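The primary structure of each chain is shown beneath.
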Amino acid sequence: MGRRKVTHELISDKSTRRVTFRKRKEGILKKINELTILCGLRACAIIYSDYKDGPEVWPNRREVRVLLNRFSALPKEKQTKYMMDQKDLMTRMIQDAEKKLEKEQMHSRAMELGMIAAFSDLDDADYSEDLIKAADVVEKRINVIRQRIEALESRTALVKKD
């Protein structure tokens, strides 16, 4: 049975909003609990809502205090290492998209050069820059293949020693 698509906006009906909050809160707490059990780590949650006075904490106040104290004891660089605001997230997404675009452009150009080399005379035009780029791509791929071969050979050498 499929689910209908959810639009991420404030739910106007208060009772529906409250039920949705309760169900999603239970779901996220269940996920945190599973994460702590399956991965053997410590985690906590602090949830503020209009439905209760004060924060709701999971698993308990003592554990939350212990983890917050541990976090506070870290240097500022480690505390903020993986934190992102909207701007940082968008910057990272743009950088990733630009890298992907560059890779696709290189691949496309390599395919184009292959087509040119296969179906036309290379003496007709100056493809020196393109050929240099293509040679660079080929060289990089050859290096990757060599590294894989070396890794496989070192693994087989380790297996033979045992």
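You'll find the structure just up there.
This write-up is about the structure you can find in this document. (Residues numbered from 1 in each chain as written. Predicted model: local features only at pLDDT ≥ 70, side-chain atom pairs only at ≥ 80, totals over all residues. Heavy atoms only, no water.)

Right, let's talk about the environment of A43 for a bit. As for its position among the elements, A43 is in the loop between α1 (14-39) and β1 (45-47). Taking the C-alpha atoms as reference, A43 lies 8.1 Å from N33; in sequence the two are 10 residues apart. What A43 contacts, discounting residues up to four positions off in sequence, is I32, T36, W58, P59 and L67. (Helix = DSSP H or I, 4+ residues; strand = E, 2+ residues; numbered from the N terminus. Contact = heavy atoms within 4.5 Å.)

Of all hydrophobic cores here, the largest spans 6 residues; its members are L29, I32, A43, A45, I47 and W58. Of all elements in the fold, only α1 and β1 reach the threshold of two or more residues within this core. For I32, the residues in contact, after removing those within four places along its chain, are A43, A45 and W58. (Core = buried A, V, L, I, M, F, W, Y, C linked by side-chain atoms within 4.5 Å. Buried < 20%, exposed > 50% of the residue type's maximum accessible area, 1.4 Å probe, protein only.)

For S49, the position within the fold is in the loop between β1 and β2 (56-58). What makes S49 buried here is its relative accessible area of 18%. Here Y51 takes part through its backbone nitrogen, which lies 3.2 Å from a polar atom of the side chain of S49. In this structure, S49 is in contact with F21 and E56, ignoring residues within four places of it in sequence. (Polar contact = N/O pair within 3.5 Å; in protein donor to acceptor, adjacent residues only side chain to side chain.)

This part covers the packing of aromatic side chains. Tallied over the entire structure, the rule returns 1 aromatic pair. Look at F21 and Y51: their rings are 5.2 Å apart centre to centre, the planes differ by 45°, and that puts the pair in the tilted class. Taken as a pair, F21 in helix α1 and Y51 in the loop between β1 and β2 lie far apart in primary sequence, 30 residues in all. Given the relative accessible area of 24%, F21 is considered partly exposed. (Phe/Tyr/Trp six-rings, centres within 6.5 Å; stacked < 30°, edge-to-face > 60°.)

Let's shift gears to the pattern of salt bridges. Under the definition given, this model contains 4 salt bridges. The partner of D136 in a salt bridge is K140, with the nearest N and O atoms 3.6 Å apart. With a gap of 4 residues between them, D136 and K140 both fall in helix α5 (residues 128-161), about one helical turn apart. Its relative accessible area of 39% is what places D136 among the partly exposed residues. Accessibility expressed as a relative area gives 47% for K140, which makes it partly exposed. (Salt bridge = Lys/Arg side-chain N within 4 Å of Asp/Glu carboxyl O.)

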